[in-house]
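What the coordinates show
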Amino acid sequence: MSDTPFGFGLPPEEPENGDEGKKKGNQGGQSGPNPFGFGTGLPGGVGGQGDADNPFAAMFGSMNPNDLGAAFQQLGQMLSYEGGPVNWDMAKDIARQTVAQGTPDGVKDASVGIAEKSAVEEAVRLADHWLDDVTSLPSGAATAVAWSRAEWVEATLPVWKELVDPVAERVGAAMGGVLPEEMQAVAGPLLGMMRSMGGAMFGQQIGQAVGTLAGEVVGSTDIGLPLGPAGKAALLPLNIEGFGKDLGVSSDEVRLYLALREAAHARLFAHVPWLRSHLFGAVEAYARGIKVDTSKLEDVVGQLDPSNPEQLQEALQGGMFQPQDTPEQKASLARLETALALVEGWVDAVVHEAAKPRLTSADAMRETMRRRRASGGPAEQTFATLIGLELRPRRLRDASRLWASLTDARGVEGRDGLWEHPDMLPTASDLDDPDGFVHREQLDFSEIDKMLGEAAAGKREQDGPEQDGDDKK
């Protein structure tokens, strides 16, 4: 996990005299990325990555005079923002601009043509037909859509908001509530400005990350979470072409294999109603577990003169707000990691079962996708940057083997029946001993419900005559 999810902690002061000044400024300061992701550069060539020690280099680094007005306008938007913890209007604009720039290999976004839309629709239709043979869960894709990168940004931003806002809210509240009450009046205007800039800075970082991710994802479920609207299986033809470029596999087979994965995810999230809230709840629990290390703040507060706002500002710029690991966070991460492994392992197992007899390259594409998911692909890195979470199913292979063993031992119905209730699913310890879980007698919740219903009905029958007797009296 990232030690500082949002890159909190301001950089050292600007050097005053060349290299010596830079060395002096770095003493006791933070190294690494700029606060809130500054230094990565704004889209459109504004700023760039030139001066990594200057939090405003992304806006003023290497611009021509024509860009100056736009930069000051954006700075004004940052200071005047009064919305939630993330400026999502800015995030959307920057994500769209990042997409418009194209990927590092020079591939620009493009509208999806009629032929590509038809190819995606046909691939998802065929994939759903193949999946009918290997899972008891019915189709979850009411429609199949082919998205451009820009359309992926538009369609997934509502879910990014749901995932990121709880963490940003918690960090923002910590920034505002960490000072003693008697100092709140002095720090009020400054903290208000910090919150406004924080919302915009979060928006800039998230927009940059989502825009970059749009150039690499192949569908709406690459990270194991449903980022798109319910009931839609979505693929990005432009990115699928890039995904299969070096595999030596026909484009039709690549499209079909990725359609199988997208359709399998759609079935799981459509017909396991508790799964989405289970995964998103783990992210929210992580946000609730964020604590701010106030030890540095406490040391400085005793030496501050409340009548000196400049001194307070200098203290706030000293990097006091360092989110730290807590038992709550670790428990949430463990729960999320296991759930992701089970989701990805199930998809991996059923997709392979459907693809193996039909696609000659099924093994090669399976291994490519496993490595992409388990080794920390673009989606995992994005989440690590945005909210300090790595949505990486580290035990994907273990989970896939467990699901395959369950299929052999209990059949498709018995395997998929475990998704009826979260308490029926394998745990992290079960991934260590898959054979023990496979052959263990499972608790049948439907039988328990039936028994409870029969008991309730019997009690009503017993109470009935007594009630009649009371009425007669």
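Cut-offs and rules
Residues numbered from 1 in each chain as written. Predicted model: local features only at pLDDT ≥ 70, side-chain atom pairs only at ≥ 80, totals over all residues. Heavy atoms only, no water. Helix = DSSP H or I, 4+ residues; strand = E, 2+ residues; numbered from the N terminus. Buried < 20%, exposed > 50% of the residue type's maximum accessible area, 1.4 Å probe, protein only. Contact = heavy atoms within 4.5 Å. Areas by Shrake-Rupley, 256 points an atom, 1.4 Å probe, with all protein chains shown as cover. Phe/Tyr/Trp six-rings, centres within 6.5 Å; stacked < 30°, edge-to-face > 60°. Lys NZ or Arg CZ within 6 Å of the ring centre and 35° of its normal. Axes fitted to C-alpha atoms, helices over the stretch in contact; angles between N-to-C directions. Parallel < 35°, antiparallel > 145°, perpendicular 65-115°, else oblique. Left-handed = near helix turned anticlockwise from the far one by under 90°. Nonpolar A, V, L, I, M, F, W, Y, C, P; charged D, E, K, R; others polar. Core = buried A, V, L, I, M, F, W, Y, C linked by side-chain atoms within 4.5 Å. 1 Å grid on protein atoms, 1.4 Å probe; cavity = no way out; pocket = protein on both sides within 12 Å on 5 of 7 lines; lining within 4 Å. Points joined across faces, edges and corners; volume = space filled by probe spheres on them. Salt bridge = Lys/Arg side-chain N within 4 Å of Asp/Glu carboxyl O. pLDDT = per-residue confidence, 0-100.

With that settled, the discussion passes to the overall build of the protein chain. For the protein chain, the helix and strand inventory stands at 19 helices and four strands. The buried share among the 473 residues of the protein chain stands at 48%. Across the protein chain, the fraction of contacts at a sequence separation of at least 24, relative to all contacts at a separation of at least 6, is 76%. Element-wise, carbon and sulfur atoms account for 50% of the exposed surface of the protein chain, whose accessible area totals about 22,600 Å².

Turning to the packing of aromatic side chains, a few remarks are in order. Applying the stated criterion across every chain yields a total of three aromatic pairs. Relative to W419, the ring of W403 lies with its centre 5.3 Å away and its plane at 15°, an arrangement referred to as stacked. Of the two residues, W403 sits in helix α16 (residues 396–416) while W419 sits in the loop between α16 and α17 (428–432), which places them 16 residues apart along the sequence. The same class applies to W403 and to W419, which are both buried. Here the aromatic cluster, defined as three or more aromatic residues joined through ring pairs, consists of W274, W403 and W419. Against the face of F280 rests R276, its NZ or CZ located 4.2 Å from the ring centre. Here the guanidinium or amino end of R410 rests over the ring plane of F437, the centre of that ring lying 5.9 Å away.

Right, let's talk about the packing of helix α5 (residues 114–131) against helix α9 (residues 251–271) for a bit. For the pair α5 and α9, interaxial distance at closest approach is 8 Å and the crossing angle is 60°. For the element pair α5 / α9, the angle class is oblique. Relative to α9, the crossing made by α5 is right-handed. Here A119, V120, A123, V124, L126, A127, D128, W130 and L131 of α5 come into contact with α9, specifically with R255, L256, A259, L260, A263, A264 and R267. Considered class by class, the residues forming the contact of α5 with α9 number 13 nonpolar, no polar and three charged.

Bringing the environment of G414 into the picture now. With respect to the element layout, G414 can be found in helix α16. Using a relative accessible area of 26% as the deciding quantity, one classes G414 as partly exposed. Along the backbone, G414 and S136 are 278 residues apart, and their C-alpha atoms lie at a distance of 9.3 Å.

Now for the nonpolar core. The biggest cluster of nonpolar side chains holds 91 residues, and the ones touching the most others in it are W152, L258, L275, L279, W346, W403 and W419. Per element, the largest residue contribution to this core is 13 residues, and it comes from helix α13 (residues 327–355). Contact partners of W152, with chain neighbours within four places excluded, come to W147, W160, V210, L213, A214, V217, G219, S220, L227 and L236.

What follows is about empty space enclosed by the protein. Under the counting rule described, the total for this entry stands at two cavities of 30 Å³ or more. Each pocket or cavity is described by its volume, and for the largest cavity that value is around 100 Å³. Counting residues per element, the ones that place at least two in the lining of the largest cavity are α9 and α14 (362–374). In terms of residue count, the dominant contributor to the lining of the largest cavity is α9 (four residues). Classifying every residue of the lining of the largest cavity gives four nonpolar, three polar and five charged.

On to the packing of α9 against α13. The description of two helices packed together rests on the angle between their axes and the distance between the axes. Closest axis-to-axis distance for the α9/α13 pair is 9 Å, and the angle between their directions is 130°. Taken together, the axes of α9 and α13 lie oblique to each other. Once α9 is placed against α13, the crossing between them reads as right-handed. For the pair α9 and α13, the contacting residues are Y257, L260, R261, A264, H265, L268 and F269 in the first and V343, E344, W346, V347, V350, V351, A354 and A355 in the second. Here the contact of α9 with α13 is composed, by residue class, of twelve nonpolar, one polar and two charged.

Let us look at the pattern of salt bridges. Enumeration according to the criterion identifies 22 salt bridges in this entry. With a closest N to O distance of 2.6 Å, R125 and E122 form a salt bridge. In this pair, R125 and E122 both sit in helix α5, three residues apart, roughly one turn of the helix. A salt bridge links R358 to D133; its shortest N-O distance comes to 3.1 Å. Of this pair, R358 sits in the loop between α13 and α14 while D133 sits in the loop between α5 and β1 (143–146); the two residues are 225 residues apart in sequence, bridging distant segments of the chain. On the basis of relative accessible area, R358 is assigned to the partly exposed category, the value being 34%. For D133, a relative accessible area of 52% puts it in the exposed group.

Across the protein chain, the average pLDDT comes to 74, with 58% of residues at or above 70. Note that pLDDT drops below 50 for residues 1–61; the model gives that stretch 126 contacts with residues more than four away or on any other chain. Confidence drops under pLDDT 50 across residues 315–323; counting only partners more than four residues distant or on other chains, this segment forms 33 contacts.

Among the structural elements, L268 can be located in helix α9. For the pair L268 and V343, spaced 75 residues apart in the sequence, the C-alpha separation amounts to 8.1 Å. Residues contacting L268, with those up to four places away along its chain left out, are L137, L275, V343, W346 and W419.

This paragraph deals with the environment of A150. Tracing the backbone shows A150 in helix α6 (residues 149–177). Distance from A150 to Q97, taken between C-alpha atoms, is 9.2 Å for residues 53 residues apart in sequence. The residues touching A150, leaving out its near neighbours within four places in the chain, are R96, V99 and D109.

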